[in-house]
Amino acid sequence: MPSKSTSRAPKPDSTTGPSTDTAEQGTPTGLFRSTALQQSMGTYLSATVSVRLINYGRILLLSWFMTREQFGLLGVVLHVVNVMTPLCSLGMNEAVVRYVPQHEQNGTLSAFLKRSFILLVGTTTIGVGIFILFSSDLGGFFFAPSFLTEPLTENLAETTRLAQWSGVVIGLTILYFYLMAVIKGLRMFGALSILENSHGLLFLVGGLFAIAIGHLDALTLIAVYALSLAIPIAYFGLGLRQTVRRWNAQTNPVSADDKLMRRLLWFSIWTALAGVTWQALLTYPAWFLNKVHGPKDVAVFTAIRQIAQFILIGGVAVSAVVMTNVTKTWESEGKEAAENKLSLAFRGTGVGLLALCALLALGKDFIILIYRPEYEPGSDILPLLLLFFLMAAFLAFLPGHFHLREKTWFIVWPWVIGVASNVFLAFWLAGPKLLLLRESAIWVACQPFASAIFTEGFSNLGSAAWCGVFAMAIATSTCVALIRARCSRLDQGTYVVLASALLLAMKWWILLIGSVLFMLMAFRTNLIFQPDERRKVLGYVSGSLGYVPLLKILVRRNQRDE
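## A look at the overall build of the protein
Thinking step 1. Check the secondary structure of the protein and you find 23 helices and zero strands.
Thinking step 2. The 562 residues of the protein split such that 56% are buried.
Thinking step 3. Considering only residue pairs separated by 6 or more positions, the protein has 83% of its internal contacts joining residues 24 or more positions apart.

Have a look at this one:
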């Protein structure tokens, strides 16, 4: 680790504004200033909810106006983009988030960003170039159903064009995520909130324009998506560049003995593998469903995923805020303080997300009414998809133990094992082998018991959902085992939260009773929180709510009225 520079500027007090000395040093103020934990949480979580509502509004509109085939195909394309983005960038963005606080602390941020961006552009150019060069073969592999007697995509030219535009979007997404990574690492959550909302609004407006002119095919929407990325990248990228150039305390050169590029690449390679396998774990059920049953079933699956994905988005948003602060705590206060903060954040977030999941699962028959009637079969798989994304949200937190210790190779194994499990399970439970399995003696014997306990069986959609749940559960268990073996012991409350998530796979009456008991455990016993931890969690929540823009406006209005 480079030695700390003595020429750093003093940190501004985020609650009182920058001092005169800070202003003279060019420390970021205004939109690009860093914020404290509670302010970051309130600002970014409210912005995340706003972004998710914007995106969900777009999805809802497209599900009503697009054909099910084109809507499903659009979902598959976006899944492919998510999988290929970390591969083509070598996972550089995760490394940037990890090392930005360190270089900020050492006053070498400007040099670090310059080198890391050059490295990112080089890896991205190679990765995206290969993707576009082999777009004909990749288009058929990713987008054309394989098990249908009559493929639903028109011809090879269509899948090739989809692959080519996917390559363009992958390149832009990498730049967008790099920009987000730097802003996250510097705890500039006000700028991050506006960045994400602007991207979501631009995509929504572009979707409305496509509806108005009647061009509602997957290819058009992918082009609109590319434009919605390019505009925020240009605006916020230039703004961040000017901000860092004015930051006088960050102009120190990187130490000559600091093997920056080697460390960055080593961290990035492992996070790239983790990112690719993580996205494959999230998207494989939908991709395999397209291969077996075509994009019409994927359309229903994708529409219901958008509801359940609120859980993952919330978990990732909290994790993004927490991990930057935990990393800062690791650097300044030490191991024990950082791990305690990470554990408490996991348990507090887990309790809140499980409560929200239970409400959504119990209200599934009403929620499905917002879609066209042909999407109604999707209500049966909503609880399973909620469980899938809840465990995915857990996995947004748990690898933080590996990040802190820079043991990034451990992050890969849960995802690899999860993806391998998904491939195996999909072959037997969601593909042609399912009919054979249903005739086995074990299946016939277990069927009555399973149907009395679990919420959904093995229909086309149900099979894909169950495969995802099983694979995510295996990945989560693997991650927990590695943390215990290589990092630290997890506390009792963490295990209670992990186990209670399984309630979502049960019949509604079991879920209802179990959820009530779980909340009583959280707030009336010491199984999950100690009394002082409960007070901290409630304090973080109330403090964060004070920075939610809508609530701030209401409070100020009440104060004026008084």
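Right, picking up where we left off after that structure.
## Regarding the nonpolar core
Thinking step 1. Counting 170 residues, the largest nonpolar core has F143, I183, F301, L386, L390, M472 and L504 as the members making the most contacts within it.
Thinking step 2. The greatest single-element share of this core, amounting to 17 residues, is contributed by helix α11 (residues 295-332).

## Observations regarding the side chain of S228
Thinking step 1. With respect to the helices and strands, the residue S228 is situated in helix α9 (residues 218-245).
Thinking step 2. A relative accessible area of 1% places S228 in the buried class.
Thinking step 3. Of the polar contacts made by the side chain of S228, one reaches the backbone oxygen of Y225; its length is 2.7 Å.
Thinking step 4. Discounting residues that sit within four places of it in the chain, S228 has contacts with H199, L202 and F203.

## Focus: the pattern of salt bridges
Thinking step 1. For the coordinates displayed, the defined rule picks out six salt bridges.
Thinking step 2. Where R347 meets E533, a salt bridge forms, and the shortest distance between an N and an O atom there is 2.8 Å. Here R347, found in helix α12 (residues 335-362), pairs with E533, found in helix α22 (residues 531-545); they are 186 residues apart in sequence, far enough to count as distant. Side by side, R347 and E533 carry an identical accessibility label, which is buried.
Thinking step 3. A cluster of three or more residues bridged by salt bridges with shared partners is formed by R68, D297, R372 and E374.

## Notes on the environment of R52
Thinking step 1. Considering the arrangement of structural elements, one finds R52 in helix α2 (residues 37-65).
Thinking step 2. Between the C-alpha atoms of R52 and Q309, which are 257 residues apart in sequence, the distance is 9.0 Å.
Thinking step 3. Non-local contacts of R52, meaning those with residues more than four positions away in its chain, are made with Q306, Q309, F310 and I313.

## What about the layout of surface pockets?
Gaps between atoms show up when a probe of the same size as a water molecule is rolled over them.
Thinking step 1. Volume-wise, the second largest pocket comes out at about 540 Å³.
Thinking step 2. Lining the second largest pocket we find 15 residues, and of these L113, F117, Y178, G237 and R241 sit closest to its centre.
Thinking step 3. For the lining of the second largest pocket, the elements supplying multiple residues, two or more each, are α5 (109-133), α7 (156-185) and α9.
Thinking step 4. Sort the elements by how many residues they give to the lining of the second largest pocket and α9 lands first, with seven residues.
Thinking step 5. When grouped by side-chain class, the residues that make up the lining of the second largest pocket number ten nonpolar, two polar and three charged.

## Here we look at the packing of α12 against helix α21 (residues 508-524)
Thinking step 1. In contact at an axis separation of 10 Å, α12 and α21 are set at 155° when each is read in the N-to-C sense. In terms of their interaxial angle, α12 and α21 are classed as roughly antiparallel. As α12 packs across α21, the resulting crossing turns out to be left-handed. Contacts between α12 and α21 involve V351, L354, A355, A358, A361 and L362 from the first element and W508, L511, L512, S515, F518, M519, A522 and F523 from the second.
Thinking step 2. Looking at the contact of α12 with α21, its residues break down into 13 nonpolar, one polar and no charged.

## A few points about the confidence of the model for the protein
Predicted coordinates in areas of low pLDDT are best not read in detail.
Thinking step 1. For the protein, the mean per-residue pLDDT works out to 82, and 87% of the residues sit at or above 70.
Thinking step 2. Contacts for the low-pLDDT stretch residues 148-154, under 50 throughout, to residues beyond four places or in other chains number 15 contacts.

## Let's talk about the environment of L398
Thinking step 1. By the secondary structure assignment, L398 is in the loop between α14 (382-397) and α15 (400-404).
Thinking step 2. Overall, the relative accessible area of 2% leaves L398 in the buried class.
Thinking step 3. Counting along the chain gives 55 residues from L398 to S343, while the straight-line C-alpha distance between them is 8.8 Å.

## Brief notes about the packing of aromatic side chains
Thinking step 1. According to the stated counting rule, one finds 21 aromatic pairs in the structure shown.
Thinking step 2. Both rings, one in F402 and one in F410, keep their centres 5.8 Å apart while their planes meet at 45°; by these two values the pair is tilted. Exposure class is identical for F402 and F410. Each is buried.
Thinking step 3. Through successive ring pairs, a cluster of aromatic residues spans F131, F141, F142, F143, Y284, W287 and F288.
Thinking step 4. Sitting above the plane of the F310 ring, R52 keeps its charged end 5.3 Å from the centroid.

## Some remarks on helix α8 (residues 189-213)
Thinking step 1. The first and last C-alpha atoms of α8 sit 36 Å apart over 25 residues, in line with the 36 Å expected at 1.5 Å per residue.
Thinking step 2. Looking one or two residues past α8, G214 carries a phi angle of roughly 80°, positive in sign.

## Points about the side chain of H401
Thinking step 1. Mapped onto the secondary structure, H401 falls in helix α15.
Thinking step 2. Dropping the residues within four chain positions of it, H401 is found in contact with E339, L342, I483, C487, S488 and L490.

## Structural notes on the environment of K364
Thinking step 1. Locating K364 in the fold gives a position in helix α13 (residues 364-367).
Thinking step 2. As for K364 and P383, which are separated by 19 residues in sequence, their C-alpha atoms are 7.9 Å apart.
Thinking step 3. For K364, the residues in contact, after removing those within four places along its chain, are S379, D380, L382 and P383.

## Describing a nonpolar patch on the surface
Thinking step 1. On the surface, a nonpolar cluster with roughly 810 Å² of combined accessible area is contributed by L362, W508, W509, L512, I513, V516, L517 and L520.
Thinking step 2. Looking at the nonpolar patch element by element, the count peaks at seven residues for α21.
Thinking step 3. With respect to the helices, strands and loops of the structure, I513 is situated in helix α21.

## Let's talk about the packing of α11 against α12
Thinking step 1. At a closest axis distance of 10 Å, the pairing of α11 and α12 adopts a crossing angle of 170°. With respect to each other, α11 and α12 are oriented roughly antiparallel. On α12, the residues touching I311, G315, V318, V322, M323, N325, V326, T329 and W330 of α11 are K335, A337, A338, K341, L342, A345, T349, L353, L356, C357 and L360.
Thinking step 2. Among the residues making up the contact of α11 with α12, the classes are represented as 14 nonpolar, four polar and two charged.

Rules and cut-offs
Residues numbered from 1 in each chain as written. Predicted model: local features only at pLDDT ≥ 70, side-chain atom pairs only at ≥ 80, totals over all residues. Heavy atoms only, no water. Helix = DSSP H or I, 4+ residues; strand = E, 2+ residues; numbered from the N terminus. Buried < 20%, exposed > 50% of the residue type's maximum accessible area, 1.4 Å probe, protein only. Contact = heavy atoms within 4.5 Å. Core = buried A, V, L, I, M, F, W, Y, C linked by side-chain atoms within 4.5 Å. Polar contact = N/O pair within 3.5 Å; in protein donor to acceptor, adjacent residues only side chain to side chain. Salt bridge = Lys/Arg side-chain N within 4 Å of Asp/Glu carboxyl O. 1 Å grid on protein atoms, 1.4 Å probe; cavity = no way out; pocket = protein on both sides within 12 Å on 5 of 7 lines; lining within 4 Å. Points joined across faces, edges and corners; volume = space filled by probe spheres on them. Nonpolar A, V, L, I, M, F, W, Y, C, P; charged D, E, K, R; others polar. Axes fitted to C-alpha atoms, helices over the stretch in contact; angles between N-to-C directions. Parallel < 35°, antiparallel > 145°, perpendicular 65-115°, else oblique. Left-handed = near helix turned anticlockwise from the far one by under 90°. pLDDT = per-residue confidence, 0-100. Phe/Tyr/Trp six-rings, centres within 6.5 Å; stacked < 30°, edge-to-face > 60°. Lys NZ or Arg CZ within 6 Å of the ring centre and 35° of its normal. Expected span 1.5 Å × (residues − 1). Patch = residues over 30% accessible without salt bridge, like charges linked within 9 Å, V, L, I, M, F, W, Y side chains within 5 Å. Areas by Shrake-Rupley, 256 points an atom, 1.4 Å probe, with all protein chains shown as cover.

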